[in-house]
Each structure stands twice: as C-alpha cells, then as structure tokens.
Amino acid sequence: MTTNTPSLSPSDIEQLIADRRDLHAHPELGYTEQRTASLIAERLDAHGYEVTRHVGRTGVVGLLEGTKAATEANSVSDGEAARTLLYRADMDALPVHEENEVAYRSQNEGVMHACGHDAHVAIALAVAARMAEARDQFRGHLKFAFQPAEEGGNGATAMIEDGVLAVPDVTAAIGLHVWNNFPVGTVGVYAGPMMAAVDEFHLVIHGRGGHGAMPQQTVDAIVVAAQVVTALQTIVSRNVSPLDAAVVTVGKITGGSAFNVIAGAVELRGTVRTFSKEAHTHIPGQFERVVRGVCEAMGASHTLDYKRQTPPLINNADMCELVANCAADVVGRDGVIRDDSVRTMGGEDMSYFLERVPGCYFFLGTRNEARGLVHPHHSPRFDIDETALATGVEIMARVIRRYLA
Ligand SMILES: [Zn+2]
Ligand SMILES: [Zn+2]
C-alpha cells in the first residue's frame, strides 16, 4: 500500500456501515428515490462537488475536478482531451417484503434493498469523500452518477438522455455490484461480455375456437402454440453459433377454457437472453419469422410485442486490467476471479453506459457462509457481509487515482 492510498480509518468505516444501514432502513423504489437523492446531494455538496439533481428524474450527478499539476510524464498531449471518469452507483430498491430480523430492517413496508444498491450508494459516498480530500492527487474530472431505477425502470437511459455523459465528455465508466455468489474477500472481473442482453416478448396466437369434437371447423391455437414453442428453441440450437450463449424461455402460457372446447387464442410470455451483439441483433428477426411461418402454415395469425430491455454488458479489456490490478492490491491476486464464473445471463442497465464509453463493471464478493449471509439477490432474506464495503472503497479509490493520474 503506497502513501498515496491510505486505508480507511476506523471512523471512516463506521460512517460507511452507518450509511449503508441508514439507506437499508429507508429503501425507495425506482424513480421515487427522494430521500436517498437528498442525502447524496447534501453529502456531495458538503465535499465541494458541483451537484446537479433531477438528471434522469431522481438521479444525482456530482462533479469534481482534480488539481494535480501536469508533469512531463503525464502531460496531456495536444489534441488529447482531459479525462473524465464516470462512477455509476444505482440507488433503487425492490418491491420485496424484508424477512431479516436486523436492527436496520426496512422501515418502508413492502420495499427492500434486496439487491444491495444500498451498499453501492454507501461505497460511492465514501469514495466521493475520499477523493474530495485527495483532489491534488488526480487530474481531469471525476463524475458520480447516482442512478435511479435500475430494476426494470431503465434509469441509465434516463440519465444518458439528460446528458450525464456530456459536459465534460465522459471518457470511461466504472461501477460495481455487490455479489452474494462470491465469498467476501474476492472480486470478479471479466473482460468482454459479462452480463446478458435482456429482451422480453408477449405473443398472442389467434386461431378459431370451436367444439372439442369438431376440429375441422376450427384453428386450434393450442396446437399452433405447441409448435411455436418447439420451433422457437431451434433459434438457439440452429441459428446462434454453438460457441455463443443464448437462451429463449417461454415462461408463461395461457389459453383455453374447457376440456371440450378448442381454444381460439393462446398467450405466451417469455424472455430472450444473449451475450453477443450478433445474436442480440439477429434473434428478434428470426423469432418473428419462426412465429409467422408456423402460424401461417397452420392457418393462424399472431400479434407479437418484442421489447428490448437492456443490451449485453460488455467490459473493455484495458479498463478490466486496471480494475483487476487495483483489486489485486486490496484483496491479493488470488482474490481476483477472472474466469467464466463471473459471467451471468442476468442483465444490468450499466450496459447502456458501457455501450457508449469503455469501462469496467465488476462484482464485489459479499457472501459469508459462516455468518449465514448466503441468500440470493432479490430474496427477502438477502443481506451482505459489510466488511466488503471498505474493500469496494479501497479498490475504487485506486482505480480513480490511476485512471486520472
Ligand atoms: Zn437486482
Ligand atoms: Zn442490482
């Protein structure tokens, strides 16, 4: 550990944990993060940040310029703009009823920080405080984006549309997610496609209902739906490269009314997950073609609502090297997980930032078997090992200093 990067003092750690517990006790759903946003804005303002509220409705942006003088070694050459690093932390909670019996249990009935975004905000606030004290140790701009509505509300796009990536132009982005799949003391960093694109579909097959004993007078929507479900699976097995990962899931089917009635319509809902840009781009067209072809062949018609939720989250290799090196300084080389176990078919709207600027989104291990902190994200019993919070701060402070050296 160098003198430039002092570790957190006991009172810093106390504050960090107190912040996380305060946020945990007062969770707010996407786009209603008023208390959270006020707390963040006050704190950033007190540390000398230029604060902008209501960026993406309830989002908060904090901007700080480093004062480190340019030296021969690090001077920015003509034509090369100064760097601006975006640190993104999401703020929203979930509509989950907390079942943990802890002092900091949710006081907002039916709402819970069951994904760990309370930890993300607490870590980012501690990093913000630390970088304000260390302004003379970096150059360029550090921009915090406290993002609303990650859980299905697409707060990332809302902030981007409100200009979070401009003035000054962001040159790279970082962020982390606490991760109960990894033990505390470990960090997961993966260069390339780390989290899947999430698409959602709602399909209705229209046939012609009738008597269960007289199929010749009908178009049986259930028989058509059965063919469609089977045919859709060939998208993954026959259209996507076997070296690429994709999932087509029909999660819900509803149709029919009685044992002796042929159904006139069937409704199907599901999700498509992809990693590569190629699969993400081509699957919707193939999906529609399969549905149309099967329906036409059997005399049925369809209506399809196919929605993009989030693109695949793709990390930049250089930024991942930087983060992995900083993480190794804090948790040791052995604590940095870089294999396929980091990847998940889950989605994250951080992907919208990483589509536009190079960056690294990584996982901070928070699982602790001995203490029973093993419950998955979104579970009513989700909780984390808080010793990971300081680890997150130490890593992020190093990444900022090195990127903005
Ligand atoms: Zn979540
Ligand atoms: Zn989350």
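Preceding this section is the structure that the text describes.
Each value, and the rule that gives it
Residues numbered from 1 in each chain as written. Chains lettered and ligands numbered in written order. Predicted model: local features only at pLDDT ≥ 70, side-chain atom pairs only at ≥ 80, totals over all residues. Heavy atoms only, no water. Helix = DSSP H or I, 4+ residues; strand = E, 2+ residues; numbered from the N terminus. Buried < 20%, exposed > 50% of the residue type's maximum accessible area, 1.4 Å probe, protein only. Areas by Shrake-Rupley, 256 points an atom, 1.4 Å probe, with all protein chains shown as cover. Donors = N, O, S within 2.8 Å, 3.2 Å for Na, K, Ca; no water. Contact = heavy atoms within 4.5 Å. Phe/Tyr/Trp six-rings, centres within 6.5 Å; stacked < 30°, edge-to-face > 60°. Lys NZ or Arg CZ within 6 Å of the ring centre and 35° of its normal. Pairing = 2+ DSSP bridges. Axes fitted to C-alpha atoms, helices over the stretch in contact; angles between N-to-C directions. Parallel < 35°, antiparallel > 145°, perpendicular 65-115°, else oblique. Left-handed = near helix turned anticlockwise from the far one by under 90°. Nonpolar A, V, L, I, M, F, W, Y, C, P; charged D, E, K, R; others polar.

Chemist: Explain the overall build of the chain to me, please; I cannot follow it from the model alone.
Modeler: If you tally the helices and strands in the chain, you get 9 helices and 16 strands. Projected onto its principal axes, the C-alpha positions of the chain cover 85 × 55 × 40 Å. The buried share of the chain, taken over its 405 residues, is 52%. For the chain, the exposed area adds up to about 17400 Å²; of that, 51% sits on carbon and sulfur atoms.

Chemist: I keep staring at the coordination of the zinc ion (ligand 1) and nothing clicks. Help me out?
Modeler: Octahedral metals with six donors have ideal donor angles of 90 or 180 degrees. Tetrahedral metals with four donors have an ideal donor angle of 109.5 degrees. Taken together, the protein ligands of the zinc ion (ligand 1) are C115 (SG), E151 (OE) and H378 (NE2), with distances of 2.0 to 2.3 Å. All donors of the zinc ion (ligand 1) come from a single chain, and their spacing in sequence reads C-x35-E-x226-H. The distance between the zinc ion (ligand 1) and the zinc ion (ligand 2) is 3.1 Å, with C115 acting as a donor to both metals. Of this pair, C115 sits in the loop between β3 (84–90) and α3 (117–133) while H378 sits in the loop between β16 (359–367) and α9 (387–403), and the two are 263 residues apart along the sequence. When its relative accessible area of 37% is taken as the criterion, H378 is described as partly exposed.

Chemist: Would you mind showing me how to read the coordination of the zinc ion (ligand 2) here?
Modeler: Coordination sphere of the zinc ion (ligand 2), protein contribution only: C115 (SG), H117 (NE2) and H177 (NE2), at 2.1 to 2.4 Å. On the primary sequence, the residues serving as donors to the zinc ion (ligand 2) are separated as C-x1-H-x59-H. Among the residues examined, H117 registers a relative accessible area of 0% and is labelled buried. For H177, a relative accessible area of 4% gives the class buried.

Chemist: Honestly, the environment of I384 in this entry has me stumped. Any pointers?
Modeler: Structurally, the position occupied by I384 is in the loop between β16 and α9. For the pair I384 and G212, spaced 172 residues apart in the sequence, the C-alpha separation amounts to 55 Å. Leaving out residues up to four positions away in the same chain, I384 has contacts with R20, A119, V178, N180, T366, L373 and L389.

Chemist: Mind showing me how you'd approach the packing of aromatic side chains here?
Modeler: Any aromatic ring pair is given by two values, namely how distant the centres are and how the planes are angled relative to each other. Taken as a whole and assessed by the stated rule, the structure comprises 6 aromatic pairs. Plain terms: the ring middles of W179 and F363 are 3.8 Å apart, the flat faces sit at 0 degrees to each other, and that makes the pair stacked. Taken together, the residues span a long stretch of sequence, with W179 in strand β5 (residues 172–183) and F363 in strand β16 at a distance of 184 residues. Taking the relative accessible area as the measure of exposure, F363 reaches 0% and is therefore buried. Taking the ring centre of Y403 as reference, the NZ or CZ of R83 above it sits at 4.2 Å. The positively charged end of R343 is found above the aromatic ring belonging to F275, 4.1 Å away from the centroid.

Chemist: Would you explain the sheet that holds strand β10 (residues 246–255) in this entry?
Modeler: Sheets are built from strands that pair by backbone hydrogen bonding, the pairs being arranged parallel or antiparallel. Ordered by their spatial adjacency, 4 strands build an open sheet running β10-β12-β8-β13, and the pairing between neighbours is antiparallel. Pairing within the sheet leaves two strands with one partner each, and these edge strands are β10 and β13 (301–310). This sheet shows a mean twist of 15 degrees between the axes of neighbouring strands, independent of strand direction. Sheet analysis places β10 next to strand β12 (residues 265–274), joined by 9 bridges and oriented antiparallel. Within β12, the residue paired with V247 across the bridge is R273. Helix-sheet contacts for helix α5 (residues 221–239) involve β8 (197–206), β10 and β12, and the interaxial angle to β10 is about 170 degrees.

Chemist: Could you clarify how one ought to interpret the sheet that holds β3 in this entry?
Modeler: Pairing within the open sheet is mixed, and its 8 strands lie in the order β1-β2-β4-β3-β5-β16-β6-β15. With partners counted over all chains shown, the strands left at the sheet margins are β1 (50–53) and β15 (336–337), one partner each. Packed on one face of the sheet, helix α2 (residues 34–46) meets β1, β2 (60–65) and β4 (141–147) and runs near 165 degrees to β1. In the packing of helix α7 (residues 317–331) onto the sheet, contacts are made with β3, β5, β6 (187–188), β15 and β16, and the angle to β16 comes to roughly 30 degrees.

Chemist: For this particular structure, what's the right way to read the environment of A126?
Modeler: By secondary structure assignment, the location of A126 is in helix α3. Counting along the chain gives 113 residues from A126 to I13, while the straight-line C-alpha distance between them is 8.8 Å. What A126 contacts, discounting residues up to four positions off in sequence, is L16 and V393.

Chemist: Where do I start with the packing of α2 against α3 in this structure?
Modeler: Any two packed helices are characterised by how steeply their axes cross, that is the angle between the axes, and by the distance between the axes. Where α2 meets α3, the axes come as close as 10 Å, and the angle between the chain directions of the two elements is 10 degrees. As the angle between them shows, α2 and α3 are arranged roughly parallel. Judged by the sense of rotation from one axis to the other, the crossing of α2 with α3 is right-handed. Within the contact between the two elements, α2 uses L39, I40, R43 and L44 and α3 uses V121, L125 and A128. Residues belonging to the contact of α2 with α3 are distributed by class as follows: 6 nonpolar, no polar and 1 charged.

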